[in-house]
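Structural features, examined
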Amino acid sequence: MIVERSMHPGWLSNAYLIGDEPGGIGVFVDSGAPLEQLFDAVERHALTATHLLTTHADADHIAGDDEIVERYGCPVI
């Protein structure tokens, strides 16, 4: 299992990338933290990003939804 975390220093909000295995499936969890390091992890682990899971709709959890959807074409759940 792959777990990558990013934390926004101002909001203290976390965003995650969870993968099943290198070369496998990855999902994002929330998007309110800097995303570039998570995007890098998708490439590094050769993951196919399939979904963005949103725990709730506060701004500090959805700030990067559009960027993830545009980049990977995955649905928000």
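Shown above is the structure to which this text applies.
A brief report on the enclosed structure follows. (Residues numbered from 1 in each chain as written. Predicted model: local features only at pLDDT ≥ 70, side-chain atom pairs only at ≥ 80, totals over all residues. Heavy atoms only, no water.)

In this section: the packing of aromatic side chains. Per the counting criterion, the structure on display carries 3 aromatic pairs. Ring plane angle 40° and centroid distance 5.5 Å describe the contact between Phe 28 and Tyr 72, whose orientation is recorded as tilted. With Phe 28 in strand S3 (residues 25-29) and Tyr 72 in helix H3 (residues 65-72), this pair connects stretches of sequence that are 44 residues apart. By relative accessible area, Phe 28 is classed as buried at 0%. By the ring-pair criterion, three or more aromatic residues cluster together here, those being Phe 28, Phe 39 and Tyr 72. (Phe/Tyr/Trp six-rings, centres within 6.5 Å; stacked < 30°, edge-to-face > 60°. Helix = DSSP H or I, 4+ residues; strand = E, 2+ residues; numbered from the N terminus. Buried < 20%, exposed > 50% of the residue type's maximum accessible area, 1.4 Å probe, protein only.)

Turning next to the side chain of His 61. With respect to the secondary-structure elements, His 61 resides in helix H2 (residues 59-62). His 61 sits in the buried class, given a relative accessible area of 14%. At 2.7 Å, the side chain of His 61 forms a polar contact with the side chain of Asp 30. Apart from residues lying up to four places away in sequence, His 61 is in contact with Ser 13, Asp 30, Ser 31, Gly 32, Thr 55 and His 56. (Polar contact = N/O pair within 3.5 Å; in protein donor to acceptor, adjacent residues only side chain to side chain. Contact = heavy atoms within 4.5 Å.)

So, about the pattern of salt bridges. Under the definition given, this model contains 1 salt bridge. Between Arg 44 and Glu 4 there is a salt bridge; the shortest N-O distance is 2.9 Å. Of this pair, Arg 44 sits in helix H1 (residues 36-44) while Glu 4 sits in strand S1 (residues 2-7); the two residues are 40 residues apart in sequence, bridging distant segments of the chain. Judged by relative accessible area, Arg 44 falls into the exposed class, the value being 52%. (Salt bridge = Lys/Arg side-chain N within 4 Å of Asp/Glu carboxyl O.)

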